[in-house]
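Letter by letter, the chains look like this.
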Amino acid sequence: MDKKSIVAGNWKMNKTQLEAKEFIKNLAPLIQSARASVYISPSFTALQESILAANNTNIIIGAQNMHDETDGAFTGEISGGMLKALGVEFVILGHSERRHVFHEDSSFINRKLIRALKDGLQPILCIGETQKEREEKKTEIVLEEQFLKGIQNLSKKDASNIIIAYEPVWAIGTGKTATSEIAEHVHSFIRKLVVKHLDKEISKNMHILYGGSVKPQNVEELMQQENIDGVLVGGASLDYKVFAQIINKA
Ligand code: PGA
(Lines give C-alpha, C1' and ligand atoms only; values in the text may rest on other atoms or scores of the structure.)
Protein backbone atom coordinates (compact mmCIF):
# COMPACT_ATOMS: atom_id res chain seq x y z
CA MET A 1 0.00 0.00 0.00
CA ASP A 2 1.62 3.25 -1.04
CA LYS A 3 -1.04 5.82 -0.20
CA LYS A 4 -1.50 7.30 3.24
CA SER A 5 -3.71 5.04 5.35
CA ILE A 6 -6.92 6.23 7.03
CA VAL A 7 -8.10 5.33 10.50
CA ALA A 8 -11.70 6.42 11.00
CA GLY A 9 -13.62 6.22 14.28
CA ASN A 10 -17.38 5.84 14.21
CA TRP A 11 -18.71 6.73 17.64
CA LYS A 12 -22.30 5.84 16.79
CA MET A 13 -24.76 7.06 19.49
CA ASN A 14 -22.10 7.66 22.14
CA LYS A 15 -20.49 10.69 23.84
CA THR A 16 -21.91 14.07 24.79
CA GLN A 17 -20.22 17.19 23.47
CA LEU A 18 -18.14 17.49 26.65
CA GLU A 19 -17.03 13.89 26.47
CA ALA A 20 -16.10 14.38 22.83
CA LYS A 21 -14.04 17.47 23.63
CA GLU A 22 -12.23 15.67 26.44
CA PHE A 23 -11.53 12.66 24.21
CA ILE A 24 -10.00 14.76 21.41
CA LYS A 25 -7.92 16.76 23.89
CA ASN A 26 -6.53 13.50 25.29
CA LEU A 27 -6.06 11.77 21.94
CA ALA A 28 -4.32 14.54 19.99
CA PRO A 29 -0.95 14.47 21.80
CA LEU A 30 -0.78 10.66 21.54
CA ILE A 31 -1.04 10.60 17.75
CA GLN A 32 1.15 13.50 16.71
CA SER A 33 3.53 11.30 14.78
CA ALA A 34 0.93 8.97 13.31
CA ARG A 35 1.40 8.04 9.65
CA ALA A 36 -2.32 7.58 9.10
CA SER A 37 -4.94 10.24 8.49
CA VAL A 38 -7.31 10.29 11.44
CA TYR A 39 -11.06 10.71 10.99
CA ILE A 40 -13.64 10.82 13.80
CA SER A 41 -17.40 10.89 13.45
CA PRO A 42 -19.18 11.98 16.63
CA SER A 43 -22.94 12.37 17.07
CA PHE A 44 -24.52 15.48 15.56
CA THR A 45 -24.76 17.11 18.97
CA ALA A 46 -21.01 16.77 19.55
CA LEU A 47 -19.87 17.95 16.11
CA GLN A 48 -19.31 21.59 16.92
CA GLU A 49 -17.28 20.94 20.08
CA SER A 50 -15.31 18.25 18.27
CA ILE A 51 -14.45 20.56 15.37
CA LEU A 52 -13.25 23.21 17.80
CA ALA A 53 -11.23 20.69 19.80
CA ALA A 54 -9.68 19.22 16.63
CA ASN A 55 -8.52 22.61 15.38
CA ASN A 56 -4.71 22.56 14.95
CA THR A 57 -4.55 18.78 15.34
CA ASN A 58 -4.29 16.10 12.65
CA ILE A 59 -7.88 14.94 13.34
CA ILE A 60 -10.63 15.41 10.75
CA ILE A 61 -14.24 15.51 11.92
CA GLY A 62 -17.19 14.01 10.05
CA ALA A 63 -20.84 13.08 10.52
CA GLN A 64 -22.47 9.67 10.72
CA ASN A 65 -25.39 10.47 8.45
CA MET A 66 -27.24 13.25 6.61
CA HIS A 67 -30.40 13.76 4.57
CA ASP A 68 -30.44 13.95 0.78
CA GLU A 69 -32.49 17.16 0.49
CA THR A 70 -31.07 20.61 1.03
CA ASP A 71 -33.89 21.85 3.28
CA GLY A 72 -37.62 21.52 3.86
CA ALA A 73 -40.21 19.64 5.87
CA PHE A 74 -38.13 16.70 7.09
CA THR A 75 -38.62 16.70 10.84
CA GLY A 76 -35.59 15.48 12.72
CA GLU A 77 -33.26 15.48 9.72
CA ILE A 78 -29.99 17.32 9.06
CA SER A 79 -28.73 18.46 5.66
CA GLY A 80 -25.26 18.26 4.19
CA GLY A 81 -25.23 22.05 3.90
CA MET A 82 -25.80 22.38 7.64
CA LEU A 83 -22.92 20.02 8.31
CA LYS A 84 -20.62 21.82 5.90
CA ALA A 85 -21.46 25.15 7.53
CA LEU A 86 -20.30 23.70 10.87
CA GLY A 87 -16.95 22.70 9.40
CA VAL A 88 -17.69 19.00 8.95
CA GLU A 89 -15.45 17.40 6.31
CA PHE A 90 -16.80 13.92 5.65
CA VAL A 91 -19.90 11.82 6.16
CA ILE A 92 -20.46 8.08 6.64
CA LEU A 93 -23.23 6.83 4.34
CA GLY A 94 -24.87 3.44 3.98
CA HIS A 95 -23.63 2.11 7.30
CA SER A 96 -25.20 -1.31 7.89
CA GLU A 97 -27.06 0.04 10.93
CA ARG A 98 -28.66 2.65 8.64
CA ARG A 99 -29.43 -0.02 6.02
CA HIS A 100 -30.73 -2.73 8.36
CA VAL A 101 -32.04 -0.95 11.47
CA PHE A 102 -33.39 2.16 9.73
CA HIS A 103 -34.24 0.44 6.44
CA GLU A 104 -32.39 2.87 4.19
CA ASP A 105 -32.32 1.57 0.65
CA SER A 106 -29.58 1.91 -1.93
CA SER A 107 -31.33 4.63 -3.89
CA PHE A 108 -31.70 6.83 -0.80
CA ILE A 109 -28.04 6.22 0.03
CA ASN A 110 -27.11 7.12 -3.55
CA ARG A 111 -29.08 10.39 -3.37
CA LYS A 112 -27.34 11.27 -0.11
CA LEU A 113 -23.98 10.50 -1.65
CA ILE A 114 -24.64 12.77 -4.62
CA ARG A 115 -25.78 15.53 -2.27
CA ALA A 116 -22.79 15.09 0.04
CA LEU A 117 -20.40 15.58 -2.88
CA LYS A 118 -22.32 18.66 -4.03
CA ASP A 119 -22.08 20.02 -0.51
CA GLY A 120 -18.33 19.47 -0.42
CA LEU A 121 -18.36 16.56 2.04
CA GLN A 122 -16.29 13.45 1.40
CA PRO A 123 -18.54 10.39 1.62
CA ILE A 124 -17.45 7.09 3.15
CA LEU A 125 -19.72 4.58 1.43
CA CYS A 126 -20.16 1.45 3.55
CA ILE A 127 -20.95 -1.85 1.90
CA GLY A 128 -21.11 -5.33 3.38
CA GLU A 129 -22.90 -8.65 3.37
CA THR A 130 -24.88 -10.26 6.19
CA GLN A 131 -24.01 -13.64 7.71
CA LYS A 132 -26.88 -15.23 5.76
CA GLU A 133 -25.73 -13.72 2.48
CA ARG A 134 -22.19 -14.97 3.11
CA GLU A 135 -23.46 -18.48 3.91
CA GLU A 136 -25.53 -18.44 0.72
CA LYS A 137 -22.38 -17.42 -1.19
CA LYS A 138 -23.92 -14.13 -2.24
CA THR A 139 -21.17 -11.87 -0.88
CA GLU A 140 -19.89 -10.72 -4.27
CA ILE A 141 -23.37 -10.18 -5.74
CA VAL A 142 -24.43 -8.12 -2.71
CA LEU A 143 -21.26 -6.02 -2.73
CA GLU A 144 -21.40 -5.33 -6.46
CA GLU A 145 -25.03 -4.27 -6.15
CA GLN A 146 -24.43 -2.01 -3.13
CA PHE A 147 -21.39 -0.47 -4.81
CA LEU A 148 -23.06 0.06 -8.19
CA LYS A 149 -26.25 1.50 -6.75
CA GLY A 150 -24.20 3.65 -4.39
CA ILE A 151 -22.26 5.34 -7.20
CA GLN A 152 -25.11 5.53 -9.70
CA ASN A 153 -25.26 8.80 -11.67
CA LEU A 154 -21.91 9.97 -10.33
CA SER A 155 -19.32 11.32 -12.74
CA LYS A 156 -15.98 9.53 -12.62
CA LYS A 157 -14.51 12.66 -11.10
CA ASP A 158 -17.06 12.66 -8.27
CA ALA A 159 -16.71 8.92 -7.78
CA SER A 160 -12.97 9.34 -7.37
CA ASN A 161 -13.63 11.42 -4.25
CA ILE A 162 -15.38 8.73 -2.27
CA ILE A 163 -13.93 6.32 0.26
CA ILE A 164 -15.29 2.78 0.38
CA ALA A 165 -15.61 0.88 3.65
CA TYR A 166 -16.09 -2.86 3.52
CA GLU A 167 -17.94 -3.79 6.68
CA PRO A 168 -19.19 -7.37 6.81
CA VAL A 169 -22.37 -7.08 8.89
CA TRP A 170 -21.53 -10.29 10.76
CA ALA A 171 -18.30 -8.71 12.04
CA ILE A 172 -19.73 -5.44 13.34
CA GLY A 173 -19.83 -5.18 17.11
CA THR A 174 -19.71 -8.96 17.38
CA GLY A 175 -16.04 -9.42 18.23
CA LYS A 176 -15.78 -11.57 15.06
CA THR A 177 -13.27 -9.97 12.72
CA ALA A 178 -13.00 -11.18 9.20
CA THR A 179 -9.60 -12.85 9.04
CA SER A 180 -7.09 -10.77 7.16
CA GLU A 181 -7.29 -13.33 4.33
CA ILE A 182 -11.07 -13.01 4.04
CA ALA A 183 -10.85 -9.22 4.22
CA GLU A 184 -8.07 -9.05 1.62
CA HIS A 185 -9.96 -11.36 -0.71
CA VAL A 186 -13.02 -9.11 -0.55
CA HIS A 187 -11.00 -5.91 -0.79
CA SER A 188 -9.27 -7.13 -3.92
CA PHE A 189 -12.71 -7.98 -5.36
CA ILE A 190 -13.92 -4.44 -4.53
CA ARG A 191 -10.80 -2.96 -6.14
CA LYS A 192 -11.66 -4.91 -9.30
CA LEU A 193 -15.22 -3.57 -9.15
CA VAL A 194 -13.79 -0.06 -9.14
CA VAL A 195 -11.70 -0.88 -12.24
CA LYS A 196 -14.70 -2.46 -13.96
CA HIS A 197 -17.23 0.28 -13.23
CA LEU A 198 -14.95 3.33 -13.01
CA ASP A 199 -11.34 2.92 -14.11
CA LYS A 200 -7.91 1.67 -13.17
CA GLU A 201 -6.48 5.02 -12.12
CA ILE A 202 -9.41 5.69 -9.76
CA SER A 203 -9.10 2.19 -8.34
CA LYS A 204 -5.42 2.73 -7.54
CA ASN A 205 -6.09 5.95 -5.65
CA MET A 206 -9.30 4.92 -3.92
CA HIS A 207 -9.15 4.13 -0.21
CA ILE A 208 -10.89 0.90 0.70
CA LEU A 209 -11.25 0.61 4.48
CA TYR A 210 -12.06 -2.49 6.48
CA GLY A 211 -14.52 -2.27 9.37
CA GLY A 212 -15.82 -4.84 11.85
CA SER A 213 -14.32 -5.50 15.30
CA VAL A 214 -11.00 -3.80 14.52
CA LYS A 215 -8.80 -3.57 17.64
CA PRO A 216 -5.14 -2.94 18.50
CA GLN A 217 -4.55 -6.71 18.36
CA ASN A 218 -5.65 -7.18 14.74
CA VAL A 219 -5.03 -3.84 13.05
CA GLU A 220 -1.44 -4.52 11.99
CA GLU A 221 -2.24 -7.75 10.23
CA LEU A 222 -5.19 -6.15 8.46
CA MET A 223 -3.09 -3.17 7.40
CA GLN A 224 -0.40 -5.43 5.95
CA GLN A 225 -2.82 -6.60 3.27
CA GLU A 226 -2.25 -5.13 -0.14
CA ASN A 227 -5.78 -3.86 -0.69
CA ILE A 228 -6.62 -2.64 2.81
CA ASP A 229 -5.98 1.10 2.92
CA GLY A 230 -7.30 1.78 6.39
CA VAL A 231 -9.90 0.84 8.97
CA LEU A 232 -13.28 2.04 10.19
CA VAL A 233 -13.51 1.43 13.91
CA GLY A 234 -16.64 1.40 16.08
CA GLY A 235 -16.38 0.08 19.64
CA ALA A 236 -12.59 0.38 19.90
CA SER A 237 -12.70 4.06 18.92
CA LEU A 238 -14.56 5.01 22.10
CA ASP A 239 -11.55 4.80 24.41
CA TYR A 240 -8.86 7.30 23.47
CA LYS A 241 -5.94 5.12 24.60
CA VAL A 242 -7.18 2.13 22.62
CA PHE A 243 -7.96 4.27 19.57
CA ALA A 244 -4.49 5.87 19.78
CA GLN A 245 -2.91 2.41 19.72
CA ILE A 246 -4.87 1.51 16.59
CA ILE A 247 -3.90 4.79 14.91
CA ASN A 248 -0.23 4.42 15.75
CA LYS A 249 -0.12 0.87 14.42
CA ALA A 250 -1.86 1.70 11.13
P1 PGA B 1 -17.15 -2.23 15.47
O2 PGA B 1 -18.03 -1.31 14.48
O3 PGA B 1 -15.72 -1.81 15.30
O4 PGA B 1 -17.71 -1.97 16.83
O5 PGA B 1 -17.36 -3.65 15.02
C6 PGA B 1 -17.57 -0.96 13.21
C7 PGA B 1 -18.57 -0.07 12.54
O8 PGA B 1 -19.78 -0.28 12.71
O9 PGA B 1 -18.19 0.87 11.80
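Description of the structure in this document. (Residues numbered from 1 in each chain as written. Predicted model: local features only at pLDDT ≥ 70, side-chain atom pairs only at ≥ 80, totals over all residues. Heavy atoms only, no water.)

1. Brief notes about the overall build of the protein
And then number 1: Each helix and strand in the protein was counted, giving 12 helices and 8 strands.
And then number 2: Its C-alpha atoms give the protein a radius of gyration of 17 Å, within 12% of the compact-globule value 18 Å for 250 residues.
And then number 3: Within the protein, buried positions represent 53% of all 250 residues.
And then number 4: Nonlocal contacts in the protein, meaning residues at least 24 apart in sequence, comprise 73% of its contacts between residues at least 6 apart.
And then number 5: Of the roughly 11700 Å² that the protein leaves accessible, carbon and sulfur atoms contribute 50%.
And then number 6: Placing the 30 positive and 31 negative side-chain charges of the protein at their respective mean positions leaves the two points 2 Å apart. (Helix = DSSP H or I, 4+ residues; strand = E, 2+ residues; numbered from the N terminus. Rg over C-alpha atoms; globule rule 2.2 N^0.38 Å. Buried < 20%, exposed > 50% of the residue type's maximum accessible area, 1.4 Å probe, protein only. Contact = heavy atoms within 4.5 Å. Areas by Shrake-Rupley, 256 points an atom, 1.4 Å probe, with all protein chains shown as cover. Lys, Arg positive; Asp, Glu negative; His and termini not counted. Charge placed at Lys NZ, Arg CZ, Asp CG, Glu CD.)

2. Some details on unusual backbone geometry
And then number 1: Positioned with a positive phi, Asn 56 is a non-glycine residue whose angle comes to about 65°.
And then number 2: Tracing the sequence through the fold places Asn 56 in the loop between α2 (47–54) and β3 (59–63).
And then number 3: Classification of Asn 56 by relative accessible area gives exposed; the value is 78%.
And then number 4: Of note in the backbone geometry, Asn 153 takes a positive phi value of approximately 65° without being a glycine.
And then number 5: Tracing the sequence through the fold places Asn 153 in the loop between α7 (139–150) and α8 (156–159).
And then number 6: By relative accessible area, which is 69% here, Asn 153 ends up exposed.

3. Some thoughts on the site of the ligand
And then number 1: The local shell around the ligand holds 13 residues, among which Lys 12, His 95, Glu 167, Gly 173 and Ser 213 are the closest.
And then number 2: Between an oxygen atom of the ligand and a side-chain N or O atom of His 95, the distance comes to 2.7 Å.
And then number 3: Contacts to the ligand include Gly 173, whose backbone N or O atom sits 2.6 Å from an oxygen atom.
And then number 4: Protein contact buries 95% of the 280 Å² of open area that the ligand shows by itself.
And then number 5: Broken down by class, the residue content of the shell around the ligand amounts to 4 nonpolar, 7 polar and 2 charged. (Near = heavy atom within 4 Å. Polar contact = N/O pair within 3.5 Å; in protein donor to acceptor, adjacent residues only side chain to side chain. Nonpolar A, V, L, I, M, F, W, Y, C, P; charged D, E, K, R; others polar.)

4. Some details on empty space enclosed by the protein
Take a probe with the size of a water molecule and roll it over the atoms, and the empty space left behind shows itself.
And then number 1: A complete count under the given rule lists 1 cavity of 30 Å³ or more for this structure.
And then number 2: Those elements that place two or more of their residues in the lining of the largest cavity are α4 (96–101) and β5 (122–127).
And then number 3: A per-element tally of the lining of the largest cavity places α4 first, with 3 residues.
And then number 4: Partitioning the lining of the largest cavity into residue classes produces 3 nonpolar, 6 polar and 2 charged. (1 Å grid on protein atoms, 1.4 Å probe; cavity = no way out; pocket = protein on both sides within 12 Å on 5 of 7 lines; lining within 4 Å. Points joined across faces, edges and corners; volume = space filled by probe spheres on them.)

5. Quick notes on the sheet that holds strand β2 (residues 37–41)
And then number 1: If you trace the 8 strands once around the closed barrel, you get β1-β2-β3-β4-β5-β6-β7-β8, paired in parallel fashion. Going from strand to strand, the sheet's axes swing by 25° on average, the running direction of each strand aside.
And then number 2: Direction of pairing for β3 relative to strand β4 (residues 90–93): parallel, over a ladder of 2 bridges. Pairing of Gly 62 across the sheet is with Phe 90, part of β4. (Pairing = 2+ DSSP bridges. Axes fitted to C-alpha atoms, helices over the stretch in contact; angles between N-to-C directions.)

6. Observations regarding the pairing of strand β6 (residues 163–166)
And then number 1: By the alternation rule, side chains of β6 split into Ile 163 and Ala 165 and Ile 164 and Tyr 166, which are all buried.
And then number 2: Looking at chain direction, β5 and β6 are connected through 4 bridges and run parallel. Pairing of Ile 127 across the sheet is with Tyr 166, part of β6.
And then number 3: Judged from the 3 bridges that link them, β6 and strand β7 (residues 208–211) form a sheet pairing that is parallel. Of the residues in β7, the one forming a bridge with Ala 165 is Leu 209.

7. Observations concerning the pattern of salt bridges
Any two side chains of opposite charge can pair, so long as their charged atoms come close to each other.
And then number 1: According to the stated counting rule, one finds 15 salt bridges in the structure shown.
And then number 2: Here Lys 25 ties to Glu 22 by a salt bridge, and the two come within 3.6 Å at their closest N and O atoms. Taken together, the residues span about one helical turn, with Lys 25 and Glu 22 both in helix α1 (residues 17–27) at a distance of 3 residues.
And then number 3: In this structure, the salt-bridge partner of Asp 199 is Lys 156, at a minimum N-O distance of 3.7 Å. Of this pair, Asp 199 sits in the loop between α9 (180–197) and α10 (200–205) while Lys 156 sits in helix α8, placing them 43 residues apart in sequence. (Salt bridge = Lys/Arg side-chain N within 4 Å of Asp/Glu carboxyl O.)

8. Some words on the layout of surface pockets
And then number 1: What the largest pocket holds in volume is close to 410 Å³.
And then number 2: As for the largest pocket, its lining consists of 18 residues, of which Lys 12, Gln 64, Asn 65, Arg 98 and Phe 102 are closest to the centre.

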